[in-house]
Amino acid sequence: MAAGPRAASCGTSRTSFRPSMNVFITDHGFPHVDREREIITQTGAKLHVAQCKTAEDVIAECGEADALLVQWAPVTSEVVAHLNQCRIIVRYGIGVDNIDLQAATARNIPVCNVPDYCIDEVSDHSLALALSLTRRLPQTDALVRQGTWKITPPTSFPAFRDTVFATAGFGRIARAVLERARGFGFQLAAYDPLVPTEKFAALGVKQLQLEELFQEAGILSLHLPLTTQTRHFIDRTRLSRMRNDAVLVNTARGGLIDTEALTEALAQGGIAGAGLDVFETEPLLGDHPLRDVPNTILTSHTAWYSGGSVPELQRKAAEEIVRGLAGLALSHPVNRV
């Protein structure tokens, strides 16, 4: 990760706009791209919009790009090899696992994300999943709909004040989640080996070691990037170390969890529930066994969304493109070039 904003250099002059620069949106799911068009075309650059699904699509559609705006399309090493004049790649969102950073760095192309949008939205969604599962709302709701009326829930659970709300990761979103949880009286804890001990103390959050995270968490909310080191961060071994009354929440990246192992743990009562907004394969397959596990809440990668988060994301991504084309310091580079 880059230490902070820095001017990017790709071996060509970046001090001014070249006439008729081409910015390509590889793909998007927005109602429109009017914001991007306004911001980008004001510089004299041209905006081209595609809906690429594969690396081959990106190569065919976007080979003449001076800049790429990417949502889900794969920007593989083969794609990067065909970007002969690209000055910057910007991902609509936080995760950049669909972009080959190593290949981009080798070609001296900066890759940027938009990590400072939807912080509130994802935090709210994470807490909503955690609260609902901890209070066993899905199970109780199902019983009521089936005609069963009991004034006690189907399983026992601790009070919030007796529950450790822990996050894996202690970045922007994790801290926002824990601040929200503080208002409900939870005991706050987090695991993040990259954050100094004094930062935990300053924010009143207990610092956990990796093994303690699984042993102590009554709620474990994942807020990690997806890397080769964090893929299947939650596997069978770690699930077996969790409390059987604990709930797991994931609004980060689906690949953080071994889905097969989680499905087994839920079905066998190894943990009490899971709230998932992201999955290893999206959309979630129609016959996926998670759909039949009752102690879950499954949402369709919507944690990021609000009426305000969409235009904010589009604006910030387009503004980063303009900075890259103009040779200005970038706000959020994720590789070093």
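Up top is the structure.
My aim in this report is to walk through the structure given alongside it, one point at a time. Sequence order as written defines the numbering, with residues in each chain counted from 1. In view of the model being predicted, local features appear only for residues whose pLDDT reaches at least 70, and side-chain atom pairs are presented and counted only at 80 or more, with totals across whole chains, interfaces and linings using the full set of residues. Excluding hydrogens and water, the side-chain values take into account all heavy atoms of the structure.

1. Notes on the environment of L262
Here's step 1: Positionally, L262 belongs in helix 11 (residues 259-267).
Here's step 2: Linking L262 and L239, residues 23 residues apart in sequence, is a C-alpha distance of 7.3 Å.
Here's step 3: What makes two residues a contact is simply this: any of their non-hydrogen atoms within 4.5 Å. Leaving out residues up to four positions away in the same chain, L262 has contacts with L239, L248, I257, I271, A274 and L276. Helical segments are the DSSP runs of H or I of at least four residues, strand segments are the runs of E of at least two, and each set is numbered from the N terminus.

2. With respect to the side chain of S126
Here's step 1: As for its position among the elements, S126 is in helix 5 (residues 119-134).
Here's step 2: A polar atom in the side chain of S126 sits 2.8 Å from the side chain of T251. For this analysis, a polar contact is any N or O atom pair within 3.5 Å, provided that within protein one partner can donate a hydrogen and the other can accept it, and provided that sequence-adjacent residues contribute only side-chain to side-chain pairs.

3. Concerning the pairing of strand 6 (residues 164-168)
Here's step 1: The buried label applies to any residue whose accessible area, calculated with a 1.4 Å probe on protein chains only, is under 20% of its type's maximum; exposed applies above 50%, and partly exposed to all values in between. Taking burial as the measure, the 5 residues of strand 6 include 5 buried ones, the bulk of the element.
Here's step 2: Where burial is concerned, the two faces of strand 6 agree: the one with V164, A166 and A168 and the one with F165 and T167 are both buried.
Here's step 3: One ladder, built from 5 bridges, connects strand 6 with strand 7 (residues 187-191); its direction is parallel. The partner of F165 across the bridge, within strand 7, is L188.
Here's step 4: In the classification by handedness, the crossover that spans strand 6, the intervening helix 7 (residues 172-182) and the parallel strand 7 is right-handed.
Here's step 5: Should DSSP find at least two bridges between two strands, the strands are regarded as paired. Sheet topology note: the strand 6/strand 9 (residues 219-222) ladder contains 4 bridges and is parallel. Bridging across to strand 9, A166 finds its partner in L220. A crossover counts as right-handed when, viewed with the strands pointing away from the observer, the path leading from the first strand over the helix to the second turns clockwise.

4. Some remarks on the sheet that holds strand 2 (residues 46-49)
Here's step 1: Read from one edge of the open sheet, 5 strands run 2-1-3-4-5, paired in parallel fashion. Among the strands making up the open sheet, the edge pair consists of strand 2 and strand 5 (111-112).
Here's step 2: Pairing between strand 1 (residues 22-25) and strand 3 (residues 67-70): 3 bridges, direction parallel. Within strand 3, the residue paired with V23 across the bridge is A67.

These results come straight from atomic positions and should not be treated as a statement about function.
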